[in-house]
Amino acid sequence: GLRCVHIAGTRGKGSTAAISASILTRAGLRTGLYTSPHLVSFRERIRIDGELISEAEVTALVEEVRPVIGELRDSDLGPASFFEAYTLLGLLHFARRQVDIAVLEPGMGGRLDATNIVRPLACAITHINFDHMQELGDTIAQIAGEKAGIIKPGVPVVSAPQLPEAMEVLQDTCLERYAQLIVVGQAGGPQVSITAANHHKQVLTITTRRAVYANLECPLLGRHQAENAAVAVGLLECLAPHGIALAADAVKSGVSSVRWPGRFQIVSRRPYVILDGAHDAAGSAALAETLEDLFHGYRIILVLG
């Protein structure tokens, strides 16, 4: 009974989900956001209009689903995983609170992910690279095949620019499933440019077939975040046939008010201290590029966990 959008990818899917949810909330829609992992509190994974699920709501939902999870232990399916259990919590919470739309991020891959039980109004796939290779495969094409598992027949897909072998898989899957494929930076897809950038924000212009969204002040820094914002806007424009139209002021307000900690997050300015969750080669390359763009010539000390 939920209307939703589904966002997979290796890098940037959390940021894209956060930007999408922020825009939808600013458009006046009651918006659920389901993401992983959490940074500080489990409650971060399930939000409505930016508000974390309360401890009382988590407790009540856990008590309610406990018998179902218990029954699975002795079934042919075997015990539910942590991710499967809390996907159930999230979907139940959104249904009970009657959200207008839910923005869902898979935990890993897409094809076999617990979130892939939904039929979304539209899908997005952010940049695909090597991740979870033990589970998803050891080539870009294999990993792309798992991410492309969220593509449903006839449901439009918005993609970030991809490596050629990943793009080939997405194109083939969309042809197979009669799904429209819209690619950021390609003809017919959203185009994004950074018109200004400093240590506080970057200013973006996103141009689509429907509109030009100029002077978008994005607090998430880096060229990769500009790309994520373009994917989010492209994704939400696909909702127009379902009665959800984007007003330019909702896009502007949503982009400027997005908060997504741990992504090139400047927590101190004297001296500068930056927290970033980069944990793979692609994320590390994006971090290095952003440091070079915004802190060129600075002496940089890296503390790596």
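For every chain, the first residue of the written sequence is number 1, and numbering continues from 1 along that sequence. For this predicted model, a pLDDT threshold of at least 70 governs which residues receive local features, and a threshold of 80 or more governs which side-chain atom pairs are given and counted, while totals over whole chains, interfaces and linings are taken from all residues. Remark: hydrogens and water are excluded; side-chain values derive from all non-hydrogen atoms of the structure.

**Q** Hey, could you run me through a negative patch on the surface in this one?
**A** A cluster of like negative charges, contributed by Glu165, Glu168, Asp172 and Glu176, occupies part of the molecular surface. Tracing the backbone shows Glu168 in helix H6 (residues 164–176). Only residues whose relative accessible area exceeds 30% and that form no salt bridge are eligible for patches; like-charged ones are grouped when within 9 Å, while nonpolar side chains (Val, Leu, Ile, Met, Phe, Trp, Tyr) are grouped when within 5 Å. Here the Shrake-Rupley method, with its probe set to 1.4 Å, supplies the accessible areas, and only the displayed protein chains count as covering residues. What makes a salt bridge here is a side-chain nitrogen of Lys or Arg within 4 Å of a carboxyl oxygen of Asp or Glu, nothing more. By the counting rule applied here, Lys and Arg register as positive and Asp and Glu as negative, while His and the ends of each chain are not counted. Throughout, a charge is located at the NZ atom of Lys, the CZ atom of Arg, the CG atom of Asp or the CD atom of Glu. Here a helix means four or more residues in a row that DSSP labels H or I, a strand means two or more in a row labelled E, and each is numbered from the N terminus.

**Q** Would you mind showing me how to read the sheet that holds strand E9 (residues 191–197) here?
**A** One bridge is not enough; two strands pair if DSSP finds at least two bridges between them. Judged by pairing direction, the sheet is antiparallel, and its three strands sit side by side in the order E9-E10-E11 without closing on themselves. Looking at strand neighbours, the two that pair on one side only are E9 and strand E11 (212–218), the edges of this open sheet. Direction aside, neighbouring strands of the sheet carry axes that sit 20 degrees apart on average. Sheet topology places strand E10 (residues 202–207) next to E11; five bridges connect them, and they run antiparallel. Bridge assignment links Gln202 to a residue of E11, and that residue is Cys218. To get an axis, fit a line to the C-alpha atoms, keeping to the stretch in contact for a helix; angles then go from 0 to 180 degrees between the N-to-C directions.

**Q** Please clarify how the pairing of strand E1 (residues 4–8) should be interpreted in this entry.
**A** A regular strand places its side chains so that they alternate between the two faces of the sheet. Burial classes follow relative accessibility: with a 1.4 Å probe on protein chains only, a residue under 20% of its type's maximum area counts as buried, one over 50% as exposed, and anything between as partly exposed. Judged by how many residues are buried, E1 sits mostly within the fold: five of five residues are covered. Neither face of E1 is left uncovered, since the one carrying Cys4, His6 and Ala8 and the one carrying Val5 and Ile7 both have all their residues buried. Pairing between E1 and strand E5 (residues 101–104): three bridges, direction parallel. Bridging from a neighbouring strand, Val5 pairs with Val103 of E5.

**Q** I tried to follow the sheet that holds strand E3 (residues 46–48) on my own but got confused; where do I start?
**A** Consider a sheet: its strands pair through backbone hydrogen bonds, and that pairing is either parallel or antiparallel. Taken together, eight strands build an open sheet; the order of strands is E4-E3-E2-E5-E1-E6-E7-E8 and the sheet is mixed. At either margin of the open sheet sits one strand with a lone partner, and together these are strand E4 (51–52) and strand E8 (181–183). By the bridge criterion, two bridges tie E3 to E4 in an arrangement that is antiparallel. Opposite Ile48, over in E4, you have Glu51 as the bridge partner.

**Q** Sorry, what's going on with the pattern of salt bridges here?
**A** Tallied over the entire structure, the rule returns eight salt bridges. Note that Glu217 and Lys201 form a salt bridge whose closest N and O atoms lie 3.4 Å from each other. With Glu217 in strand E11 and Lys201 in the loop between E9 and E10, the pair connects residues that are 16 residues apart, well separated along the chain. The class of Lys201 is partly exposed, set by a relative accessible area of 28%. Two residues, Arg223 and Asp293, come together in a salt bridge whose shortest N-O distance is 2.8 Å. Of this pair, Arg223 sits in helix H7 (residues 223–237) while Asp293 sits in helix H9 (residues 281–294); the two residues are 70 residues apart in sequence, bridging distant segments of the chain. Among the residues examined, Asp293 registers a relative accessible area of 39% and is labelled partly exposed.

**Q** How do you make sense of a nonpolar patch on the surface when you look at a structure like this?
**A** Taken together, the side chains of Val267, Val273 and Leu275 present a nonpolar region at the surface, about 220 Å² in accessible area. Positionally, Val273 belongs in strand E13 (residues 272–275).

**Q** How should I be thinking about the packing of helix H2 (residues 55–73) against helix H3 (residues 82–96) in this particular structure?
**A** Helix packing geometry: the angle between the two helix axes and the distance between the axes. For the pair H2 and H3, the least separation of the axes is 10 Å and the interaxial angle reads 120 degrees. Comparing their axes, H3 and H2 come out oblique. Crossing of H2 against H3: the hand is right-handed. Counting all contacts with H2, which are made through Glu57, Leu61, Val62, Glu64, Val65 and Ile69, the residues of H3 involved are Ala85, Leu88, Leu89, Leu92, His93 and Arg96. In the scheme used here, Gly and all other residues not listed as nonpolar or charged are polar, with Ala, Val, Leu, Ile, Met, Phe, Trp, Tyr, Cys and Pro taken as nonpolar and Asp, Glu, Lys and Arg as charged. Along the lines of polarity and charge, the residues of the contact of H2 with H3 split into eight nonpolar, one polar and three charged. Should an angle fall under 35 degrees it is taken as roughly parallel, and over 145 as roughly antiparallel, whereas 65 to 115 is taken as roughly perpendicular and any remaining angle as oblique. Two helices crossing with the near one rotated counterclockwise from the far one by less than a right angle form a left-handed crossing, whereas a clockwise rotation gives a right-handed crossing. In this analysis, two residues are considered to be in contact whenever any of their non-hydrogen atoms come within 4.5 Å of each other.

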